[in-house]
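# A structural walkthrough
This is what each chain is made of:
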Amino acid sequence: MHRRRRTALLLSAAIVAAGPLLTACGNEAHPGAAAVVGGQRITVSQLEGRVNEVREAQRAAVTDDAQYAQAIARTGTLARDTLHGMVLDQVLHRAAEDAGITVSRKEVQAMRAGLEQQAGGAKGLETTWLQQYGIPPQRLDENLRLQLEAQKLAARLGTDTSRPEFWNALSKASTELDVDLNPRYGDWDVQKVSRVDAKTPWVRDVTTPAQPPQSA
């Protein structure tokens, strides 16, 4: 993944792209867990809760069924990419902690006030963050805190969030946290600081219609 793309992923904090429902056969190495980060589980139910937050916000933002269908279509792999964002949030927070960086509530409020002014008000900011980054209103302050952590970390390193020095710090934090994804959601690439699709033949896409048998 290119540096520019990874920076966009960071700034969205929980990229919204919705994926097909997956099912797995055989024994699972992560029963009940979508990922394990720093020894702490991100459960499947927690992931589903975050996905539902986005879907509920999308439904509330539009009253027209066709517009809602378009929003769903634009967010095609939501579960996988929401998990990516949840893991990346923890990796970024660990890297910031390692650098001795803290963010106060006052700083978050100041950042939000500035963004609301640019967006024409609180509602405008919430709509923008939902549509562009898949962040529901109740997660906005949490996301802004992460943006500030990223900015401060880059400044502490004398760089910016698009540069290798910044991503190397996140890679180091990924290694420290020993990120481990349930194979149905892919793998975590420490060097790229990103979720990647795993080739697991025992994971199948149940939304793909079965092909009829070929006639002889």
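Note that the structure is a prediction, hence the values are computed from the model and not measured.

The phi dihedral of Asp178 is positive, around 50°, even though this residue is not glycine. Within the fold, Asp178 resides in the loop between helix 8 (164–177) and strand 4 (180–181). For Asp178, a relative accessible area of 58% corresponds to the exposed category. Backbone geometry places Val193, a non-glycine residue, at a positive phi of 55°. Take Val193: it is sitting in the loop between strand 5 (187–189) and strand 6 (194–196). Judged by relative accessible area, Val193 falls into the buried class, the value being 1%.

Moving on, we come to the nonpolar core. If you look at the biggest cluster of nonpolar residues, it comprises 34 residues, and the most contacted ones within it are Leu83, Val87, Val91 and Leu170. Secondary structure elements with two or more residues in this core: strand 2 (33–37), helix 2 (44–61), helix 4 (78–98), helix 7 (140–156) and helix 8. When residues of this core are assigned to their parent elements, the largest contribution, nine residues, is made by helix 4. Setting aside residues no more than four positions away along its own chain, Leu83 makes contact with Ala34, Ala35, Ile42, Leu47, Leu181 and Tyr185. Counting ten residues, the second largest nonpolar core, distinct from the first, contains Val108, Leu115, Trp129 and Leu140.

Looking now at the pattern of salt bridges. Under the defined criterion, the tally for this structure stands at eleven salt bridges. Glu142 is paired through a salt bridge with Arg139; the nearest N and O atoms lie 3.0 Å apart. Assessed through its relative accessible area of 34%, Glu142 is described here as partly exposed. What makes Arg139 partly exposed here is its relative accessible area of 23%. Ionic contacts of the salt-bridge type, sharing partners, join the residues Arg94, Asp98, Lys172 and Glu176 into one network.

Once that is clear, we can look at the sheet that holds strand 4. The antiparallel open sheet is built from three strands, whose spatial order is 3-2-4. With one partner strand each, in any of the chains shown, strand 3 (40–43) and strand 4 form the two edges of the open sheet. The sheet contact formed by strand 2 and strand 4 spans two bridges and is antiparallel. Along strand 4, the bridge assignment pairs Ala35 with Leu181. Its contacts with the sheet put helix 2 on strand 2 and strand 3, and the angle it makes with strand 3 is roughly 50°.

Within the element layout of this structure, Lys123 appears in helix 6 (residues 122–133). In this structure Lys123 comes out as exposed when scored by relative accessible area, which is 62%. Separated by 14 residues in sequence, Lys123 and Pro137 have C-alpha atoms that sit 9.0 Å apart.

Counting across every chain of the model gives two aromatic pairs. Centroid distance Trp129 to Tyr133: 4.8 Å. Interplanar angle 80°. Geometry classified as edge-to-face. In this pair, Trp129 and Tyr133 are both assigned in helix 6, four residues apart and thus about one turn of the helix distant. Residue Trp129 is classed as buried on the basis of its relative accessible area, which comes to 11%. Geometrically, the ring pair formed by Phe166 and Trp167 is edge-to-face, given 5.6 Å between the ring centres and 85° between the ring planes. Like Phe166, the residue Trp167 is buried in the burial classification.

As a further point, take the packing of helix 4 against helix 7. The geometry of helix 4 relative to helix 7 is characterised by a closest axis approach of 10 Å and an angle of 45° between their N-to-C directions. Here helix 4 lies oblique to helix 7, going by the angle between them. Crossing handedness for the pair helix 4 and helix 7: left-handed. Within the contact between the two elements, helix 4 uses Asp89, Leu92, His93, Ala95 and Ala96 and helix 7 uses Leu146, Glu149, Ala150 and Leu153. By residue class, the composition of the contact of helix 4 with helix 7 is six nonpolar, one polar and two charged.

Thresholds, definitions, all that
Residues numbered from 1 in each chain as written. Predicted model: local features only at pLDDT ≥ 70, side-chain atom pairs only at ≥ 80, totals over all residues. Heavy atoms only, no water. Helix = DSSP H or I, 4+ residues; strand = E, 2+ residues; numbered from the N terminus. Buried < 20%, exposed > 50% of the residue type's maximum accessible area, 1.4 Å probe, protein only. Core = buried A, V, L, I, M, F, W, Y, C linked by side-chain atoms within 4.5 Å. Contact = heavy atoms within 4.5 Å. Salt bridge = Lys/Arg side-chain N within 4 Å of Asp/Glu carboxyl O. Pairing = 2+ DSSP bridges. Axes fitted to C-alpha atoms, helices over the stretch in contact; angles between N-to-C directions. Phe/Tyr/Trp six-rings, centres within 6.5 Å; stacked < 30°, edge-to-face > 60°. Parallel < 35°, antiparallel > 145°, perpendicular 65-115°, else oblique. Left-handed = near helix turned anticlockwise from the far one by under 90°. Nonpolar A, V, L, I, M, F, W, Y, C, P; charged D, E, K, R; others polar.

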